[in-house]
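Understanding the architecture of this molecule
The primary structure of each chain is shown beneath.
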Amino acid sequence: MLGAQGLDATVLGLLGLLIGSFLNVVIYRLPKMLERQWAAECAELSGKPELPAEPFNLMVPRSRCPHCSHQIQWFENIPLLSYTVLRGRCSACKAGIGMRYPLVELATGGLFCYCAWHWGSGATGLAWCAFSAMLLALALIDWDTTLLPDNITLPLLWLGLIAAAMHWTSVGLSTAFWGAVAGYLSLWSVYWAFKLITGKEGMGYGDFKLFGALGAWFGWQALIPIILIASVIGAMVGIAMKFSVGLREGGYVPFGPFLAGAGFAALMVGPTALRQWMGL
């Protein structure tokens, strides 16, 4: 029989699979929603308002196959199971469905299971589940579009401060606050120094906010090991992509996914171990 710890991990793991299915929608639609919003604002400022478009948000329209526009039924959208039964193909046109969809579901389920196993299903466990879901969505959105939407980065930062204030994490509110400040200002300073020296932009403002959010969750002492881990991961991936001709036009690789990877590493190790690693 499952103990309380195993039951919590199982229940939240299953919830994570469902949340992962929703994250796939967020990762695909949120950047498009922002692009529509920016286009509408530009049109309004130019004095040429666009004609009203069909509603497009996280809820409508219903998900469809991008190849044949077949509307996905509820039984075709059961996490992992539907992909397995359909053998990774659309039920109508038999076009292939990308492996990312089940992998995101599986990753989210695994992260939720891990959080429940270590912190239970109370406020602390749920807070770290929310952290994991938002960080995963940010990593994949940035990888696809080089965008780190404020719609996710800012709630992630505020939730980190709230979690510290409510004692849901082992980081005190003062440490979390200065972690957010130091995380944002450090990359902001690097950005402007690089731009003044080279005349180019080395990173986006979303990176500042994400690093600030990680500082809120893990404290200012964890920022140095987090940025070191992110830099090492980024360098390794960048070199591998360079030799495999996988770099984007201009040789640009977004930094957000590597910050997120370092954030997940910090989640697994814990802020206390990170501070001990740095001798703090």
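Before reading on, note that the structure itself is shown above.
Residues numbered from 1 in each chain as written. Predicted model: local features only at pLDDT ≥ 70, side-chain atom pairs only at ≥ 80, totals over all residues. Heavy atoms only, no water.

This brings us to the environment of Glu76. With respect to the helices and strands, Glu76 occurs in the loop between α1 (4–45) and α2 (81–85). Measuring from C-alpha to C-alpha, the distance between Glu76 and Tyr28 comes to 18 Å, with 48 residues separating the pair along the chain. Discounting residues that sit within four places of it in the chain, Glu76 has contacts with His70, Gln71, Ser82, Leu86 and Ser91. Here the side chain of Glu76 touches His70 through a polar contact of 3.1 Å, side chain to side chain. (Helix = DSSP H or I, 4+ residues; strand = E, 2+ residues; numbered from the N terminus. Contact = heavy atoms within 4.5 Å. Polar contact = N/O pair within 3.5 Å; in protein donor to acceptor, adjacent residues only side chain to side chain.)

Attention now goes to helix α5 (residues 150–165). For α5, spanning 16 residues, the distance from its first C-alpha to its last is 22 Å, which sits close to the expected 22 Å at 1.5 Å a residue. What α5 keeps buried is the set Ile152, Thr153, Leu156, Leu157, Gly160, Leu161, Ala163 and Ala164. Relative to the axis of α5, the buried residues are bounded by an arc of 165° and lie together on one face. In the core, the buried residues of α5 are packed alongside α1, α4 (123–145), α6 (173–198) and α7 (205–218). Just past α5, the residue His167 takes up positive phi, approximately 60°. (Expected span 1.5 Å × (residues − 1). Buried < 20%, exposed > 50% of the residue type's maximum accessible area, 1.4 Å probe, protein only. Arc of directions from axis to C-beta.)

A general trend in soluble globular proteins is that nonpolar side chains are found buried together. Within the largest apolar cluster, 59 residues are counted, with the highest numbers of intra-cluster contacts made by Phe131, Leu156, Phe218 and Ile226. Listing elements by their share of this core, those giving two or more residues are α1, α3 (100–119), α4, α5, α6, α7, α8 (223–243) and α9 (256–269). Take this core: its biggest share by element is 13 residues, from α4. (Core = buried A, V, L, I, M, F, W, Y, C linked by side-chain atoms within 4.5 Å.)

Looking now at the packing of aromatic side chains. Considering all chains together, one arrives at 15 aromatic pairs under this definition. Each ring, one from Phe177 and one from Trp178, has its centre 5.0 Å from the other, and the planes form 75°; the classification is edge-to-face. Using a relative accessible area of 47% as the deciding quantity, one classes Trp178 as partly exposed. Geometrically, the ring pair formed by Tyr191 and Trp192 is edge-to-face, given 5.2 Å between the ring centres and 90° between the ring planes. Among the residues examined, Tyr191 registers a relative accessible area of 2% and is labelled buried. These aromatic residues form a ring-pair network of at least three members: Tyr114, Trp119, Trp128, Phe131, Trp217 and Phe218. In this structure, Arg29 packs its charged tip against the face of Phe56, placed 5.4 Å from the ring centre. (Phe/Tyr/Trp six-rings, centres within 6.5 Å; stacked < 30°, edge-to-face > 60°. Lys NZ or Arg CZ within 6 Å of the ring centre and 35° of its normal.)

On to the environment of Met59. Secondary-structure assignment places Met59 in the loop between α1 and α2. Relative accessible area serves as the criterion here: at 64%, Met59 is assigned to the exposed category. Placed 34 residues apart in sequence, Met59 and Cys93 show a C-alpha to C-alpha distance of 24 Å.

Looking now at unusual backbone geometry. Cis geometry marks the peptide bond from Val60 to Pro61, where omega comes out at -5°. Among the secondary structure elements, Pro61 is positioned in the loop between α1 and α2. Within the chain, Thr146 stands out as a residue other than glycine whose phi angle is a positive 60°. At His167, a residue that is not glycine, the phi angle is positive and equals roughly 60°.

Okay, the packing of α6 against α7 next. Put simply, α6 and α7 touch, their axes get as near as 6 Å, and they point 155° apart. Here α6 lies roughly antiparallel to α7, going by the angle between them. The two elements α6 and α7 cross, and the hand of that crossing is right-handed. In contact with Thr175, Ala176, Gly179, Ala180, Gly183, Tyr184, Ser186, Leu187, Trp188, Tyr191 and Trp192 of α6, α7 contributes Tyr205, Asp207, Phe208, Lys209, Phe211, Gly212, Gly215 and Ala216. Each residue belonging to the contact of α6 with α7 can be placed in one class, and the counts come to 11 nonpolar, six polar and two charged. (Axes fitted to C-alpha atoms, helices over the stretch in contact; angles between N-to-C directions. Parallel < 35°, antiparallel > 145°, perpendicular 65-115°, else oblique. Left-handed = near helix turned anticlockwise from the far one by under 90°. Nonpolar A, V, L, I, M, F, W, Y, C, P; charged D, E, K, R; others polar.)

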